[in-house]
Amino acid sequence: MLRLILLLCLSSPLWAQQDYTLATGSKPIEFKEIDRLTIVGATGGELRIEAQRNGGKEDERAAGLRRISASGLTDNTGLGLSVTESDGRILVQQVGGDGKAVTVHVPNTASVSVEQSTHRGNDLSVRDFTGELDVSMMYNDVKLKNVRGPTAVSAVYGDVVGTWDAVPTQEIRLHSSYSDVDITLPAATKADVRLSTSYGNMYTDFDIQIKSNMTTAGADDRDRDRERLRDDEECNCEEAGHSGQLTGTINGGGPLLSLTATYDNLYIRKK
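Residues numbered from 1 in each chain as written. Predicted model: local features only at pLDDT ≥ 70, side-chain atom pairs only at ≥ 80, totals over all residues. Heavy atoms only, no water.

K.L.:
Hey, could you run me through the pattern of salt bridges in this one?
P.N.:
Where charged atoms from two side chains of opposite charge come close, those side chains can pair. This structure, assessed with the given rule, holds nine salt bridges. K271 serves as the salt-bridge partner of D165, at 3.2 Å between the closest nitrogen and oxygen. Here D165, found in the loop between β13 (160-163) and β14 (172-176), pairs with K271, found in the segment after β21 (266-270); they are 106 residues apart in sequence, far enough to count as distant. A relative accessible area of 51% means that K271 is categorised as exposed. With a closest N to O distance of 2.8 Å, D182 and R269 form a salt bridge. With a gap of 87 residues between them, D182 in strand β15 (residues 181-185) and R269 in strand β21 connect regions that are remote in the sequence. Judged by its relative accessible area of 17%, D182 falls in the buried class. A single salt-bridge network, built from bridges that share partners, covers K145, D165 and K271. (Salt bridge = Lys/Arg side-chain N within 4 Å of Asp/Glu carboxyl O. Helix = DSSP H or I, 4+ residues; strand = E, 2+ residues; numbered from the N terminus. Buried < 20%, exposed > 50% of the residue type's maximum accessible area, 1.4 Å probe, protein only.)

In structure tokens form, the structure reads like this:
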């Protein structure tokens, strides 16, 4: 038994959690190009980063050295991340490739933005955060859980999936160009709804009081589709002509709920 405990103690550092803490108060926090990121809202005024070691894959030759990148970044956390402050904002960036899975606890009083434009990494997860959230993702999914502040998410190739246990009280804007937008809300949710899909379908079990809808697009709508997808080289903008747009209310109306899935489906589920 003693031998087993000793072996476990000797092997545990391979999987040990590493932490980094920084007092940030309510300063805006920006995350850029982090491969495996989970964001969790927290009380207090500290940013706390937790990371897991990569099993037995640590580079022994790098012992005692700092990781740097061609873009001029330096790992000043010991977690493969650069954390700097500029113009009153906190910037968190991955240094090099093959990033560790990190969970970042951020103050609920902060505004948070996330940008991920590479093929690397996994989905973004954000949960229990009450501050303002702005996300831009290229290839991976965005998963939201009880995000209660003003929220804007734009994805190109990934799904946007959200679940709220409590009725949202702030504006929500979710957009995916080539994948689904799928959300689950309490039955008592009150919202002003704007739904749009150019080539997909809309599904819900809510009773939506429709104010207006448009199922055939004209020149103005084609121009808007071109503008929205202008940076996507795979977009055949000449085909962007069919559109389904709906404006209405749920339970008499409330904060804006704007959902767009240009080439795929919208799902609004009742919890």
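Moving on from the coordinates now.
K.L.:
Quick question: what am I supposed to make of the side chain of S258 here?
P.N.:
Position of S258 among the secondary structure elements: in strand β20 (residues 256-261). Looking at S258, the relative accessible area reads 13%, which means it is buried. Ignoring anything within four residues of it in the chain, the contact list for S258 reads I172, R173, L174 and R194. (Contact = heavy atoms within 4.5 Å.)

K.L.:
I tried to follow the nonpolar core on my own but got confused; where do I start?
P.N.:
A general tendency of soluble globular proteins is for nonpolar side chains to be buried together. Counting residues in hydrophobic clusters, the biggest one holds 50 residues, and the most contacted among them are F31, I49, V92 and L174. Once residues within four sequence positions are removed from consideration, I49 is found in contact with Q18, D19, Y20, L79, L81, V83, V92, V102, T103 and V104. (Core = buried A, V, L, I, M, F, W, Y, C linked by side-chain atoms within 4.5 Å.)

K.L.:
What's the story with the side chain of D35 in this structure? I'm lost.
P.N.:
By the element assignment, D35 lies in the loop between β2 (29-32) and β3 (36-42). Excluding residues that lie within four positions of it along the chain, D35 makes contacts with Q94, G97, D98, G99, Q116, R120, G121 and N122.

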